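# Observations on the three-dimensional arrangement
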Amino acid sequence: MSLRRPSKEQPDNFEFSFASLNTAKTIIKKYPKDKQQSAVMALLYIAQKQNSNWIPLAAMKYIGKFLDMPYIKVYEVATFYTMFNLAPVGKHFIQVCTTTPCMIRGAYKLVEACKEKISVNENVLSEDKSCSWMEVECLGACVNAPMMQINDNYYEDLDKEKILKILDKILSGETPKPGSYRGRINNEPENNRKTLMDLKNA
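What comes next concerns the included structure.

The rules behind each value
Residues numbered from 1 in each chain as written. Predicted model: local features only at pLDDT ≥ 70, side-chain atom pairs only at ≥ 80, totals over all residues. Heavy atoms only, no water. Helix = DSSP H or I, 4+ residues; strand = E, 2+ residues; numbered from the N terminus. Areas by Shrake-Rupley, 256 points an atom, 1.4 Å probe, with all protein chains shown as cover. Lys, Arg positive; Asp, Glu negative; His and termini not counted. Charge placed at Lys NZ, Arg CZ, Asp CG, Glu CD. Buried < 20%, exposed > 50% of the residue type's maximum accessible area, 1.4 Å probe, protein only. Contact = heavy atoms within 4.5 Å. Pairing = 2+ DSSP bridges. Axes fitted to C-alpha atoms, helices over the stretch in contact; angles between N-to-C directions.

### Digging into the overall build of the protein chain
For the protein chain, the helix and strand inventory stands at 7 helices and 5 strands. Ordered by position from N to C terminus, the α and β elements of the protein chain give α-α-α-α-β-α-α-β-β-β-α-β. By principal-axis analysis of the C-alpha atoms, the protein chain measures approximately 55 × 45 × 30 Å. Carbon and sulfur atoms form 52% of the exposed surface of the protein chain, whose accessible area is close to 12400 Å². Side-chain charges of the protein chain comprise 28 positive and 23 negative groups, with the mean position of each set lying 5 Å from the other.

### Some points on the side chain of S20
If you trace the backbone, S20 turns up in helix 1 (residues 18-28). Look at S20 and you get buried, because its relative accessible area is 10%. Excluding its chain neighbours within four sequence positions, the residues that come into contact with S20 are I46 and Q50.

### Observations concerning the sheet that holds strand 5 (residues 179-180)
Read from one edge to the other, the open sheet built from 5 strands follows the order 2-1-3-4-5, with strand pairing classed as mixed. Strand pairing shows two members of the sheet lacking a second neighbour, strand 2 (131-136) and strand 5, which therefore form its edges. Pairing analysis gives 3 bridges linking strand 1 (residues 92-97) to strand 3 (residues 148-150), with the strands arranged antiparallel. Looking at the pairing, I94 lines up with I150 of strand 3. The strands that helix 6 (residues 107-117) touches are strand 1 and strand 2; relative to strand 1, the one it contacts most, it runs at about 150°.

### Remarks on unusual backbone geometry
Cis peptide bonds are those with omega within 30 degrees of zero, and the linkage from A145 to P146 qualifies with -5°. Notably, N151 is not glycine yet its phi reads approximately 55°, a positive angle. Looking at the secondary structure, you find N151 in the loop between strand 3 and strand 4 (153-156).

Listed below in structure tokens is the structure:
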């Protein structure tokens, strides 16, 4: 695993918005009083979502005080898990799966599109600072390969032409529709079912 370092540019302060605060309080209520520090990952995720997909050091310190736990423990969690971004990734964070099932179905064509539209290198913001991309390991949608994740949404059954259109929408401020780009519902067969035909809900 590569060394993960926080961004050199950091905001001076951070605090939860009204909505984030209510969500955090709801989550904390699920834990016994002496075990509330176990909510640290959930609160880091809330902070990341509020702060345009990345977690500044100020947010880690805020969460430490919020949970009455040492800042260094929050820092250890945030820097260990790769789902937490330690530097700005843009409003639209694009993760391209290049694990074997996606790779053999054309994942590197998706990487080519990201290099053409966003930045030559991964983890580099686009010119307008709105998005960035990176290669990731399996995202668990192998049957709909190749695919990518943009923020919380999956975009599946892609090819280079389709991803270029998706990226154009993102760069123009639109939010493209998630799901299969070959018209499938979830991971259903492309040419209708061939088995279990007697079971209505199979």
